[in-house]
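Coordinate inspection notes
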Amino acid sequence: MADNISSKENSGQVSLLAVFPDLAPAADAIDQLRALGLSDDHMNVISGIPVTEAMLGRPAQWTNVPRLAGGGAALGFLAGAFLAFVTPYLYPVPIQVGRQAFIPGPPTVVVLFELTMLGMLLSTFLGVFLDSYFPNYRPMEYVKEISDGKIAIFFICPEESKDKFTKAMTALGAEKVEVAEVEHL
């Protein structure tokens, strides 16, 4: 069953979830929450559609995925260089095919390119997988209306200001504002 987020409530804070029908009122609500004194690290936007930070006026999220992709590309290139330039010398007797060069150019370019892209692809997938904390076995905040195209803003506010935040979100077009519950999905 669902449990209230007791650790936040016991510390004098309450977790609220405001559901909006569209993107524009949600963006206005984020601006209003900032005006009421909440920082961006106390807010989380939950959406069933891809919404960028710029659409909501939020700061860009920092991620390690580009670094991991670059590292994977470098490892892939090194693996391709090993296959193209080192493995021909591992045979006891070099294999010469006609008058072709011992390390031919066009096939070497193809091997280098393909292994560079393979390394980048695998490391990017791994980076996105790890950056999204997937799989996540802890309970998460979720509202069933998200699947219907609505946008929710999960935020943590002082418990004594709960009514002020609820009225502000309702005035901006929130369909409902309620205490957030944690559910196992």
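To keep things clear, this report deals only with the structure shown in the data block. Fair warning: this is a prediction, and the values are worked out from it, not measured in the lab.

Cut-offs and rules
Residues numbered from 1 in each chain as written. Predicted model: local features only at pLDDT ≥ 70, side-chain atom pairs only at ≥ 80, totals over all residues. Heavy atoms only, no water. Pairing = 2+ DSSP bridges. Helix = DSSP H or I, 4+ residues; strand = E, 2+ residues; numbered from the N terminus. Axes fitted to C-alpha atoms, helices over the stretch in contact; angles between N-to-C directions. Contact = heavy atoms within 4.5 Å. Core = buried A, V, L, I, M, F, W, Y, C linked by side-chain atoms within 4.5 Å. Buried < 20%, exposed > 50% of the residue type's maximum accessible area, 1.4 Å probe, protein only. Salt bridge = Lys/Arg side-chain N within 4 Å of Asp/Glu carboxyl O.

1. Re the sheet that holds strand S6 (residues 176-179)
Here we have 4 strands laid out as an open sheet, ordered S3-S5-S2-S6, and antiparallel in their pairing. Each edge of the sheet is formed by a strand with only one pairing partner; in this case those strands are strand S3 (43-47) and S6. Within the sheet, the average angular offset between the axes of one strand and its neighbour, ignoring direction, is 20 degrees. Contacts from helix H2 (residues 23-35) reach strand S2 (13-20), S3 and strand S5 (151-158) within the one sheet, and its direction differs from that of S5 by about 15 degrees.

2. Some words on the nonpolar core
Nonpolar side chains tend toward joint burial in soluble globular proteins. With 21 residues, the main nonpolar core has Phe20, Leu33, Ile153, Phe155 and Met169 as its most contacted residues. Those elements that place two or more of their residues in this core are S2, H2, S5 and helix H6 (162-171). A total of 5 residues in this core trace back to one element, the largest contributor, which is H2. In terms of nonpolar packing, the next biggest core, distinct from the first, is built from 8 residues, Val19, Ala152, Phe154 and Ala180 among them.

3. Some thoughts on the pattern of salt bridges
Considering all chains together, one arrives at 4 salt bridges under this definition. Each of Asp31, Arg34 and Asp40 takes part in salt bridges that share partners, so that together they form one network.

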